Amino acid sequence: MLKITNITALVTKSESIFSLQTATDGFIEDCSNKINALKETLSAMFEQTVLQLREGDII
């Protein structure tokens, strides 16, 4: 009986760890996507600013 309990606890803990890893992977991917979107936005803003400086729209 003790061995079965230990195996059940191990399986439960393994499932919890796997679930946590999955959630962490999802969080990391979400952060990465947001960082990439922010990079694109900042790059576009920079390009727009440079164009406006060249055209004299910004003093």
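Every value quoted in this text rests on a predicted model; they were computed, and no experiment measured them.

*Asks:* For the overall build of the protein, give the residues involved together with the corresponding values.
*Replies:* In terms of helices and strands, the protein carries one helix and zero strands. Taking all 59 residues of the protein together, 0% fall into the buried category.

*Asks:* Quick rundown of the pattern of salt bridges? Include the residues and the values.
*Replies:* All chains considered together, the criterion is met by one salt bridge. Linking K34 and D30 is a salt bridge whose minimum nitrogen-to-oxygen distance equals 3.3 Å. A residue pair is termed a helical-turn pair when its members lie 3 or 4 positions apart in one helix, as K34 and D30 do in helix 1 (residues 2-55) at four residues. Judged by relative accessible area, K34 falls into the exposed class, the value being 55%.

*Asks:* Please set out a nonpolar patch on the surface residue by residue, giving values where relevant.
*Replies:* Taken together, the side chains of L38, L42 and M45 present a nonpolar region at the surface, about 300 Å² in accessible area. Inspection of the secondary structure assignment puts L38 in helix 1.

Calculation criteria
Residues numbered from 1 in each chain as written. Predicted model: local features only at pLDDT ≥ 70, side-chain atom pairs only at ≥ 80, totals over all residues. Heavy atoms only, no water. Helix = DSSP H or I, 4+ residues; strand = E, 2+ residues; numbered from the N terminus. Buried < 20%, exposed > 50% of the residue type's maximum accessible area, 1.4 Å probe, protein only. Salt bridge = Lys/Arg side-chain N within 4 Å of Asp/Glu carboxyl O. Patch = residues over 30% accessible without salt bridge, like charges linked within 9 Å, V, L, I, M, F, W, Y side chains within 5 Å. Areas by Shrake-Rupley, 256 points an atom, 1.4 Å probe, with all protein chains shown as cover.

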